[in-house]
Amino acid sequence: MSKKCISSLTLEQLADLMKELGQPAFRAKQIFHWLHQKLAADFSAMTDQPKALLAALAEDWYVAAPAIQRRQQAKDGTVKYLLRLFDGNCIEAVVMRYHYGNTICVSTQVGCRMGCRFCASTQAGRARDLEAGEIAAEVYAAQRDIGERISHIVLMGIGEPLDNFDNVMAFLKLISHPEGLNIGMRSISLSTCGIVPQIDRLAQEKLQLTLSVSLHAPNNAMRSGMMPVNDAYPVEQVIAACWRYQKTTGRRVSFEYSMVRGVNDSRATALELAQLVRGMGAHVNLIPINPVDGSPYSATDAENVKRFQQWLTDLGVNATVRRRLGSDISAACGQLRREEAAKEAAT
Ligand code: SAH
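Here the structure is a predicted model, which means the values were calculated and not measured. (Residues numbered from 1 in each chain as written. Predicted model: local features only at pLDDT ≥ 70, side-chain atom pairs only at ≥ 80, totals over all residues. Heavy atoms only, no water.)

Some thoughts on unusual backbone geometry
Thought 1: In the Ramachandran plot, Leu39 falls in the positive-phi region, its phi being about 55° despite a non-glycine side chain.
Thought 2: Position of Leu39 relative to the elements: it lies in the loop between helix 2 (26-36) and helix 3 (51-60).
Thought 3: Assessed through its relative accessible area of 7%, Leu39 is described here as buried.
Thought 4: Positive phi outside glycine occurs at Asn182, with the angle close to 60°. (Helix = DSSP H or I, 4+ residues; strand = E, 2+ residues; numbered from the N terminus. Buried < 20%, exposed > 50% of the residue type's maximum accessible area, 1.4 Å probe, protein only.)

In structure tokens form, the structure reads like this:
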């Protein structure tokens, strides 16, 4: 039997486990602290626990603590990690340094099945979902490594968070738990390619996080060309879901718009985009596409991105250009993992 991930258990589930093992109830909170506050990477670090209990736990359970397989640091302080999970699979996480604190971008799945044509993470499909504790362990591994508090989280790494809904919700509970790192929902952003029924489900959770929708194009012809998910959930349905989301949660949605030269960066497209999102009070984040191998796309140059931003602003849409951090390292998500897979295939 393979071991289960103890880092994924809620405090209540840990309490049940302690009961099962005939342990006093206070042990549950102590172990939760070790896992989620003191960031223990192993049972052996839990020095105030009875040896016999730790040995019993280690028989059936493991602590999620991915090994740092590769680490790249950019001149601006951005650190990119290739993390190896207990089963040998690799994922990526990136820490970015901002004036307001350290932000981590975490993966939510091993690979992705959404098929966006510009994205490296999806090229080999999805291997499996990450468990709640494994997603949290990305944050913990990075915090142990940089030796500084991580204050903000974006779910924008490998994977589609809303395609791993239950585990992502469980992760949010762990990471915002007062007995854990206690990272507030307002410091967390979740990015989705636009799975409409799951946006509605998320709205029902009424969380204070920021929902970010990867729009990338204002009409179906253009968006379906870039993102197959648009065939299932076309633009008008995505926008309608965003309106419902705003109404239910009282939180404004933001849009990501990756700019591809000659595809979605014309004046006519800016007009269409403005018409679509104006009135939502939404924020549009412009990102020059990061070209990946095997993709036909190239990036809109900086000057034209600025011009597009100005058009949107003039049309009453709040738009910013995302500052590019870590551009001197393999920045686009999913690239390190692909390099590693290619290396392993070659040996
Ligand atoms: N699956 C989620 C979150 C992960 S992708 C989503 O689709 O939103 C995070 C963001 O990076 C998305 O907006 C995605 O479209 C964008 N992205 C992916 N590959 C990119 C690339 N090569 N260049 C620029 N943006 C990219």
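There is more to say, and it comes next.
Concerning the state of the cysteines
Thought 1: The final tally for this structure, using the stated rule, is 0 disulfides.
Thought 2: Cys242 takes part in no disulfide bond, and the closest cysteine sulfur, belonging to Cys193, lies 12 Å away.
Thought 3: Using a relative accessible area of 0% as the deciding quantity, one classes Cys242 as buried. (Disulfide = S-S within 2.5 Å.)

Thoughts on the pairing of strand 10 (residues 188-192)
Thought 1: Burial runs high along strand 10: 5 of the 5 residues are buried.
Thought 2: Neither face of strand 10 is left uncovered, since the one carrying Ile188, Leu190 and Thr192 and the one carrying Ser189 and Ser191 both have all their residues buried.
Thought 3: Both strand 9 (residues 150-155) and strand 10 contribute to a ladder of 3 bridges, which runs parallel. Following the sheet pairing, Ile153 is matched in strand 10 by Ile188.
Thought 4: A crossover links strand 9 with its parallel partner strand 10, the connecting element being helix 5 (residues 165-175), and its sense is right-handed.
Thought 5: In terms of strand pairing, strand 10 meets strand 11 (residues 210-214) through 4 bridges, oriented parallel. Bridge pairing in strand 11 links Thr192 to Val213.
Thought 6: Considered for its hand, the β-α-β crossover made up of strand 10, helix 6 (residues 196-205) and strand 11 is right-handed. (Pairing = 2+ DSSP bridges. Right-handed = clockwise from strand over helix to strand, strands pointing away.)

Details of the site of the ligand
Thought 1: The immediate surroundings of the ligand are formed by 17 residues, with Glu160, Ser191, Ser214, His216 and Asn290 found nearest.
Thought 2: Within the side chain of Glu256, a nitrogen or oxygen atom sits 3.1 Å from an oxygen atom of the ligand.
Thought 3: With the chains in place, 90% of the 530 Å² that the ligand exposes on its own is no longer accessible.
Thought 4: Sorting the residues of the shell around the ligand by element identifies strand 10 and strand 12 (254-259) as the ones contributing at least two each.
Thought 5: Residues of the shell around the ligand, tallied by class, amount to 7 nonpolar, 8 polar and 2 charged. (Near = heavy atom within 4 Å. Polar contact = N/O pair within 3.5 Å; in protein donor to acceptor, adjacent residues only side chain to side chain. Areas by Shrake-Rupley, 256 points an atom, 1.4 Å probe, with all protein chains shown as cover. Nonpolar A, V, L, I, M, F, W, Y, C, P; charged D, E, K, R; others polar.)

What to know about the environment of Val263
Thought 1: On the secondary structure map, Val263 appears in the loop between strand 12 and helix 10 (267-277).
Thought 2: For the pair formed by Val263 and Met222, sequence separation is 41 residues and the distance between their alpha carbons is 7.6 Å.
Thought 3: Contact partners of Val263, with chain neighbours within four places excluded, come to Met222, Met226 and Tyr297. (Contact = heavy atoms within 4.5 Å.)

A closer look at the environment of Ile195
Thought 1: Following the sequence through the fold, Ile195 ends up in the loop between strand 10 and helix 6.
Thought 2: Between the C-alpha atoms of Ile195 and Ala52, which are 143 residues apart in sequence, the distance is 47 Å.
Thought 3: In this view, Ile195 contacts Met114, Glu160, Leu162, Asp163, Val229 and Tyr233; residues no more than four positions away in its chain are not counted.

Overview of the sheet that holds strand 12
Thought 1: Strand order in the open sheet formed by 10 strands is 3-4-5-6-9-10-11-12-13-14, and the pairing between neighbours is mixed. Because the sheet does not close on itself, it has two edges, and the strands there are strand 3 (67-73) and strand 14 (318-321). Along the sheet, successive strands turn relative to each other by an average axial angle of 25°, direction set aside.
Thought 2: In this sheet, strand 14 lies alongside strand 13 (residues 283-288) in parallel orientation, the contact comprising 4 bridges. Pairing of Asn285 across the sheet is with Thr320, part of strand 14.
Thought 3: Helix 4 (residues 132-146) contacts strand 3, strand 4 (79-84), strand 5 (90-98), strand 6 (101-105) and strand 9 of the sheet and is inclined by roughly 55° relative to strand 5. (Axes fitted to C-alpha atoms, helices over the stretch in contact; angles between N-to-C directions.)

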